[in-house]
Number of protein chains: 2
Amino acid sequence: MAKSLDFLTEALRRLPGVGPKSAQRMAFHLLQHDREGAAMLSRALYQAVEAVHHCALCNTFAETEVCDTCLDERRDNTMLCVVETPADQLMIEQTLTYKGLYFVLMGRLSPLDGIGPKDIHLEKLIGRAADGVVTEVVLATNFTNEGEATAHYISEMLKARGLKVSRLARGVPVGGELEYVDAGTIARAMLDRRAT
Amino acid sequence: MAKSLDFLTEALRRLPGVGPKSAQRMAFHLLQHDREGAAMLSRALYQAVEAVHHCALCNTFAETEVCDTCLDERRDNTMLCVVETPADQLMIEQTLTYKGLYFVLMGRLSPLDGIGPKDIHLEKLIGRAADGVVTEVVLATNFTNEGEATAHYISEMLKARGLKVSRLARGVPVGGELEYVDAGTIARAMLDRRAT
Ligand SMILES: [Zn+2]
Ligand SMILES: [Zn+2]
């Protein structure tokens, strides 16, 4: 088999959820039926790796020092909502119930996987939440065991620094991941959020 | 969301079997946890698109004018085995029952999908099979409806030109795709191949 094809198949296996058979199928498909798509994906990967960094304020993916959301002056800068991922932030935005700012952990505490406070940027969160402007931090981590533990940890940490901390109401089904919950449920949970 | 990230998510959807949710998950994963993998995949795609073409003789993917298999002088050049894909060729190689050469259709006849004789390079196959050296063509297309129809079509076409044509014996389960059949079954089918 052509060497570049082996290399491509191997590289495709770096994608999450792609095993050897589907990597081979993807490589054949691209070379046989969609070389334009392959070239486009090559450019997109290169560009994303070069251009995408983390927002200095909210830690989400951004191409500028500070992201558009953090720069938006119409937003309520006294509220800070903590989410696990950019996808969760998008879900909350879609509910139209929240007009404050965000902090994106890019993960959750997971001692079994070796993911500790450092890996989810808690130092950066403390600095952000203690800017003297933020008065309430809304914890919107997932309602899984790990998400709940993360919320508890952050809550203790921020309350120790005198901040008001709330948690989305348990309108979100227990064990549910925000990304897969309908916007209506999240909207209700946002309105019913409670102090922790 | 960062524009390069949107572009990357969109490009990942060009991969077969990847929907919007998994494209987003792949993009986040690469940027958050495996930028090295993303850069590697970018290079692999670029290199494959640039370097990989089709072997002038057997039509499989190759980086040279003629592939290594076709150039291998130890192989029996009087036998030509016709397969649908490079993966099928690999499966047959693994059985160690065949020492001849190959022709890779890179598809199968499928009138409903608009895939006709031209799309599976049958002119090239005729030229290859009628080189005056090949004495037997073994049809090893899949035992699906489309694979059987393709074998029948090719068989008639080559027999009209006076070539001896055989088909893998039906040791391969009906409806089965070679890529998923164990090597032992394919080995038996190769030994039991019959004239068509
Ligand atoms: Zn930001
Ligand atoms: Zn070849």
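Scroll up to find the structure.
Below: a short report on this structure.

Reading the values: rules and limits
- Residues numbered from 1 in each chain as written.
- Chains lettered and ligands numbered in written order.
- Predicted model: local features only at pLDDT ≥ 70, side-chain atom pairs only at ≥ 80, totals over all residues.
- Heavy atoms only, no water.
- Donors = N, O, S within 2.8 Å, 3.2 Å for Na, K, Ca; no water.
- Tetrahedral: all angles 85-135°; square planar, octahedral: opposite > 155°, others 65-115°.
- Helix = DSSP H or I, 4+ residues; strand = E, 2+ residues; numbered from the N terminus.
- Buried < 20%, exposed > 50% of the residue type's maximum accessible area, 1.4 Å probe, protein only.
- Contact = heavy atoms within 4.5 Å.
- Buried area = accessible area lost by both parts, 1.4 Å probe.
- Salt bridge = Lys/Arg side-chain N within 4 Å of Asp/Glu carboxyl O.
- Polar contact = N/O pair within 3.5 Å; in protein donor to acceptor, adjacent residues only side chain to side chain.
- Nonpolar A, V, L, I, M, F, W, Y, C, P; charged D, E, K, R; others polar.
- Pairing = 2+ DSSP bridges.
- Axes fitted to C-alpha atoms, helices over the stretch in contact; angles between N-to-C directions.

Re the coordination of the zinc ion (ligand 2)
Residue and element names in this part refer to chain B.
- Around the zinc ion (ligand 2), the donor atoms from the protein are Cys55 (SG), Cys58 (SG), Cys67 (SG) and Cys70 (SG), and they sit 2.3 Å away.
- Coordination geometry of the zinc ion (ligand 2): the 4 donor atoms subtend angles of 105 to 117° at the metal centre, consistent with an arrangement described as tetrahedral.
- Along the chain, the residues donating to the zinc ion (ligand 2) fall in the pattern C-x2-C-x8-C-x2-C. With a gap of 12 residues between them, Cys55 in the loop between strand E1 (53-54) and strand E2 (61-62) and Cys67 in the loop between E2 and helix H4 (68-71) connect regions that are remote in the sequence. Taken as a pair, Cys55 and Cys67 share a single burial class, namely buried.

Observations regarding the interface of chain B and chain A
- Across the contact, 53 residues belong to chain B and 53 residues belong to chain A.
- Summing both sides of the interface, chain B and chain A together bury roughly 5100 Å²; the carbon and sulfur share of this comes to 66%.
- The three residues of chain B that bury the most area against chain A are Arg14(B), Leu45(B) and Phe61(B), which together make up 13% of that side's buried surface.
- Run the count over chain B and chain A and you get 2 salt bridges.
- Across the pair Asp34(B) and Arg14(A) runs a salt bridge, and its minimum N-O distance is 3.0 Å.
- In this structure, the connection of chain B to chain A is made through 13 residue pairs in polar contact (both at pLDDT 80 or more).
- Among the elements of the structure, helix H1 (3-12), helix H2 (20-33), helix H3 (35-51), E1, E2 and helix H5 (86-95) of chain B are those that each provide at least two residues to the side of chain B that touches chain A.
- Broken down by element, the side of chain B that touches chain A gets its largest block of residues, 16 residues, from H3(B).
- Tallied by class, the residues present in the side of chain B that touches chain A amount to 32 nonpolar, 10 polar and 11 charged.

A closer look at the environment of Arg25(B)
- One can find Arg25(B) in helix H2.
- Taking relative accessible area as the criterion, Arg25(B) reaches 37% and is therefore assigned partly exposed.
- In this structure the C-alpha to C-alpha distance between Arg25(B) and Val49(B), which are 24 residues apart in sequence, comes to 25 Å.
- Residue contacts for Arg25(B): discarding those within four places in its chain leaves Pro16(A), Glu179(A) and Tyr180(A).

A word on the sheet that holds strand E4 (residues 100-104) of chain B
All names here are of chain B.
- Strand order in the open sheet formed by 5 strands is E4-E3-E5-E6-E7, with mixed pairing between adjacent strands. Among the strands making up the open sheet, the edge pair consists of E4 and strand E7 (194-195).
- Of the pairings in the sheet, the one linking strand E6 (residues 164-167) to E7 comprises 2 bridges and is antiparallel in character. When the sheet's bridge partners are listed, Arg167 is paired in E7 with Arg194.
- Across the sheet, helix H7 (residues 145-159) lies against strand E3 (76-83), strand E5 (136-139) and E6, angled at about 165° from E6, the strand it touches most.

Some points on the packing of helix H2 (residues 20-33) of chain A against helix H3 (residues 35-51) of chain A
Residue and element names in this part refer to chain A.
- As a packed pair, H2 and H3 sit with axes 5 Å apart at the nearest point and diverge in direction by 115°. Mapping the contact onto sequence places Leu30, Leu31 and His33 in H2 and Arg35, Gly37 and Ala38 in H3.
- Taken together, the residues of the contact of H2 with H3 break down into 3 nonpolar, 2 polar and 1 charged.

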